Amino acid sequence: MASAPLLLEHFIYKKRNFVYAFVRHRLFVLCKQSLIRVQSAEGIKRIEISPKSNLKQLYDSVQNALKVDGFGLFKERNCITELHASGTQLVGNSLKHGDMVYLKQMAGTSSRRTSTTVLDSQAFKNSVPAEKLSNSNTTTRPSISVVEDEVDQLLSKVDGTIKRERDSKLCHHNANGRCVHCSALEPYDESYLKEQNIKHLSFHSYIRKQTSGMGQGKYFVFDDINCRIKPGCREHPPWPKGICSKCQPSAITLNRQTYRHVDNVMFENTKIVERFLNYWRTTGHQRMGYLYGTYEQHADVPLGIRAKVAAIYEPPQESTRDSINIQPDEGADEVEAVAAALGLKKIGWIFTDLITEDASVGTVKQIRGIETHFLTAQECITAGELQNRHPNPCKYASNGVFGSKFVTICVTGDNTKQVHMEGYAVSAQCMALVRDNCLIPTKDAPELGYVRESTDKQYVPDVFYKEKDQYGNEVQRLARPLPVEYLLVDVPASTPLQPQYTFTEYDKRQPFPIENRYIDGHLQDFNALSCYLSAWGEEEFLEAVSDFHLLVYLYKMDMLPLRQHMGLLLEAVRTKNPNQAAHFKDEEVWKLLESLIQASSGGSGGTTSYPSGGAAASTGAAGSDAMDLDANTWTCNHCTFINRGELTSCEICSLPR
């Protein structure tokens, strides 16, 4: 009995079993179905079709089964007698049950060498002028409609060529002529990029390079890298009992990515980073935050893209001198809603790796560099995970997305022992390894990653990288372990010479505290809101509320229903319209908030004690019902929380007594 499953498995999966073949043959005869074998470069595929079907339907079945286009079917192996995709000729007249046909990929667009998908649209193509057909790329793009980012749509319409002036020494033509010394260069010209010290191609320059030439990129598509077994294969038992070349993922050879999706990261002003670093300066602990901003065209790189950072949001986290543990953020959706209303999006993340060397002169230790590491394997995995969460829409991708514009910024010490920023992004190969759970960090070497080994639960393809040995020969090595430099693309990070301000420029006033900082002087509560708004005049309302952290705090406030009314305020901040801000200021919900702030500021913002009798007189609306039976406690009029008697403001809602 123990061998019964083995016999059943042997009976089902062994193709050359005589009983299995006989039963299958009789079944097809009884059902009046013909089995046609199609041999292609990928192997032999069996197609089940009725003898009364026409050859056009046979072409459709082959195309759906093999996922190919632009092919022909032949009776002989040497591809002499072709079966034309005719709608009148029947399969039974040309082929019989069990016949073998041979598939051959064909170039061109004639009806003899295309699949039925092309044949169905042939009448339409004949009515289109030839010049329109030559410029049309619809046959080489994915069928799904992809809405690319605004900057991508802009760059796709730009000429992109690099203009050159007439050389007085080398050019011997008139002002209207052009020669090899002054004609425009393509955006991917290697000599120009090397001369301008541009290390990587921009993503759109890479696309222009792939779509150039005689073919105009007719067959160019970004295919997603797959590191998992293709499901649904019926040729063998599932993994780990069986695997074949059709469902097995191909081995990966890591190559340094020659292009990057973002060519520069620009912080609008230095105060954005300074406010972020204040936490490290106060506690000595590391910090992490998400970058919110926009994408725009970068003029210094041909067809380049620049990420402009306007604000840094700090999610809940637990940090120490050597580690950062990111906590679940319940308010992430509210932050995204505020950012979207302001015309911003999450474009990257930033973290610190700073250790003070001499506090008296403000120097820090150099931890990272060419001799140690640029990013650790764990940081590469985190960057890959975040990039997979924020993919880049691309019309040239087979599934509609490819790569990511999400950037990584590390604040660390340089060789002069000063604080500086380094920008990176991980390659598409790293994103695939992280997405399919193939890459893990090593225990004692931060600069090395490790590709998992195959187990009974997961098959991991072989991953290789190339390096030069001690004799200068290029050798291929298995990525166990793996230097993470093969996964990185560096992205310059800087600030402009002339600072830009999407939000308020703080000169002498104290800015509103940043969220999720649970230290003295950095807490976001009603007292902080009261002190902040009280420092601004009536005519400075728009400037006062133009703070990303303040707007997020107001949007998430549960004490007052501001969320439903903040659309007008967010639009005013986005467009810098004082009239809209004035209209919001006149609304009843803001008047209520102002009255609470005024009451709080009347008691010194809750920072000094109220006289016991004066407090009862000023809040006489509650009377004796507001006081507890115990003389050492009092009940808040707003949230009914029972507070200790020595407190002047509520512990829960921070409103005054």
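Residues numbered from 1 in each chain as written. Predicted model: local features only at pLDDT ≥ 70, side-chain atom pairs only at ≥ 80, totals over all residues. Heavy atoms only, no water.

Participant: Could you give an account of the sheet that holds strand 25 (residues 493-494), naming the residues involved and the relevant values?
Facilitator: Read across the open sheet, the 8 strands follow the order 24-18-17-14-10-11-9-25; overall the sheet is mixed. Strands with a single pairing partner mark the edges of an open sheet, and in this sheet they are strand 24 (488-491) and strand 25. Lying over the sheet, helix 8 (residues 150-157) contacts strand 10 (288-298) and strand 11 (304-313), oriented at roughly 20 degrees with respect to strand 10. (Pairing = 2+ DSSP bridges. Helix = DSSP H or I, 4+ residues; strand = E, 2+ residues; numbered from the N terminus. Contact = heavy atoms within 4.5 Å. Axes fitted to C-alpha atoms, helices over the stretch in contact; angles between N-to-C directions.)

Participant: Residue-level account of the nonpolar core, with values.
Facilitator: Soluble globular proteins: nonpolar side chains tend toward being buried together. Core analysis: the largest hydrophobic core is formed by 83 residues, its most contacted members being L254, L342, L439, L529, F548, L554 and L593. Residue assignment places this core across two domains, with domain 3 (252-494) and domain 4 (526-601) each supplying three or more. The residues contacting L593, other than those within four sequence positions of it, are F526, L529, L554, L560 and L562. (Core = buried A, V, L, I, M, F, W, Y, C linked by side-chain atoms within 4.5 Å. Buried < 20%, exposed > 50% of the residue type's maximum accessible area, 1.4 Å probe, protein only. Domains from an automatic or database assignment.)

Participant: For a positive patch on the surface, give the residues involved together with the corresponding values.
Facilitator: Positive charge collects at one region of the surface, where K45, R46, R234 and K246 lie side by side. For R234, a relative accessible area of 77% translates into the label exposed. (Patch = residues over 30% accessible without salt bridge, like charges linked within 9 Å, V, L, I, M, F, W, Y side chains within 5 Å. Areas by Shrake-Rupley, 256 points an atom, 1.4 Å probe, with all protein chains shown as cover. Salt bridge = Lys/Arg side-chain N within 4 Å of Asp/Glu carboxyl O. Lys, Arg positive; Asp, Glu negative; His and termini not counted. Charge placed at Lys NZ, Arg CZ, Asp CG, Glu CD.)

Participant: Quick rundown of the sheet that holds strand 21 (residues 463-468)? Include the residues and the values.
Facilitator: An order of 7-21-22 is seen for the 3 strands of this open sheet, with the pairing classed as mixed. One side of each edge strand has no neighbouring strand; the edge strands of this open sheet are strand 7 (252-254) and strand 22 (474-478). Neighbouring strand axes in the sheet, compared pairwise and without regard to direction, differ in orientation by 35 degrees on average. By the bridge criterion, 3 bridges tie strand 7 to strand 21 in an arrangement that is parallel. Bridging from a neighbouring strand, I252 pairs with V463 of strand 21.

Participant: Now, about helix 19 (residues 578-585): what can you tell me, with residues and values included?
Facilitator: Residues of helix 19 that are buried: A581, F584 and K585. All buried residues of helix 19 fall inside an arc of 100 degrees around its axis, so they share one side. Opposite the buried face of helix 19, by more than 90 degrees, sit the exposed residues N579 and H583. At the N-terminal boundary of helix 19, the capping side chain belongs to N577, with an oxygen 3.0 Å from the backbone nitrogen of N579. (Arc of directions from axis to C-beta. Polar contact = N/O pair within 3.5 Å; in protein donor to acceptor, adjacent residues only side chain to side chain.)

Participant: Let's hear about the confidence of the model for the protein chain: which residues, and what values?
Facilitator: On average, residues of the protein chain carry a pLDDT of 81, and 84% of them reach 70 or more. Within the protein chain, no element has a lower average pLDDT than helix 21 (residues 612-618), which sits at 33, and none a higher one than strand 9 (residues 264-267), at 96. A low-confidence stretch, residues 1-6 stays under pLDDT 50, and its non-local contacts, those more than four residues away or across chains, total 0 contacts. pLDDT under 50 marks residues 107-143. Its contacts with residues more than four places away, or in other chains, come to 45 contacts. (pLDDT = per-residue confidence, 0-100.)

Participant: Please give an account of the packing of aromatic side chains that cites residues and values.
Facilitator: Going through the model one piece at a time under the given rule, you end up with 20 aromatic pairs. A ring pair is formed by F220 and Y396, whose centres lie 6.0 Å apart and whose planes are at 50 degrees; its orientation type is tilted. On the criterion of sequence distance, the pair formed by F220 in the loop between helix 10 (203-210) and strand 7 and Y396 in the loop between helix 13 (377-389) and strand 17 (407-413) is long-range, its members being 176 residues apart. Overall, Y396 belongs to the buried group, its relative accessible area being 13%. (Phe/Tyr/Trp six-rings, centres within 6.5 Å; stacked < 30°, edge-to-face > 60°.)

Participant: How would you sum up the packing of helix 13 against helix 14 (residues 428-435)? Please name residues and give values.
Facilitator: At their nearest, the axes of helix 13 and helix 14 sit 9 Å apart, and the two run at 90 degrees to each other. Looking at the two axes, helix 13 sits roughly perpendicular to helix 14. For the pair formed by helix 13 and helix 14, the contact residues are C380, I381, G384, E385, Q387 and N388 on the first element and C430, M431, V434 and R435 on the second. (Parallel < 35°, antiparallel > 145°, perpendicular 65-115°, else oblique.)

Participant: Which residues make up the pairing of strand 21, and what values do they have?
Facilitator: Relative to strand 22, strand 21 runs antiparallel, the two being bridged by 5 bridges. Note that in strand 22 the partner of K468 across the bridge is E474. A loop of 5 residues connects strand 21 with strand 22, the two strands running antiparallel in sequence, and G472 in this loop sits at a positive phi of about 85 degrees.

Participant: Hey, could you go over helix 8 for me, with residue numbers and the actual values?
Facilitator: The set of residues buried in helix 8 consists of V151, D152 and L155. Viewed along the axis of helix 8, the buried residues span an arc of 100 degrees, placing them on a single side of the element. The outward face of helix 8, more than 90 degrees from its buried face, is lined by the exposed residues E150 and K157. For helix 8, the secondary structure elements touched by its buried residues are helix 10, strand 10 and strand 11.

Participant: Can you tell me about the pattern of salt bridges, naming the residues and giving the values?
Facilitator: Tallied over the full model, the rule gives 27 salt bridges. Of the charged contacts, one joins K405 and D152 as a salt bridge, the two residues approaching to 2.6 Å between their closest N and O atoms. With K405 in the loop between helix 13 and strand 17 and D152 in helix 8, the pair connects residues that are 253 residues apart, well separated along the chain. The class of D152 is buried, set by a relative accessible area of 2%.

Participant: Residues and numbers for the environment of Q327, please.
Facilitator: By the secondary structure assignment, Q327 is in the loop between strand 13 (324-326) and helix 12 (332-341). Taking C-alpha positions, Q327 is 5.3 Å from P316, a pair spaced 11 residues apart along the chain. Ignoring anything within four residues of it in the chain, the contact list for Q327 reads P316, Q317 and E318.

Participant: Tell me about the pairing of strand 1 (residues 34-40), residues and numbers included.
Facilitator: In terms of residue burial, strand 1 counts as a mostly covered element, since 5 of its 7 residues are buried. In this sheet, strand 2 (residues 43-49) lies alongside strand 1 in antiparallel orientation, the contact comprising 7 bridges. Bridge pairing links R37 to R46 in strand 2. Adjacent in sequence and paired antiparallel, strand 1 and strand 2 are bridged by 2 residues. Where strand 1 lies against strand 5 (residues 100-105), 3 bridges are found, and the strand directions are parallel. The residue bridging Q39 from the neighbouring strand is Y102, located in strand 5.

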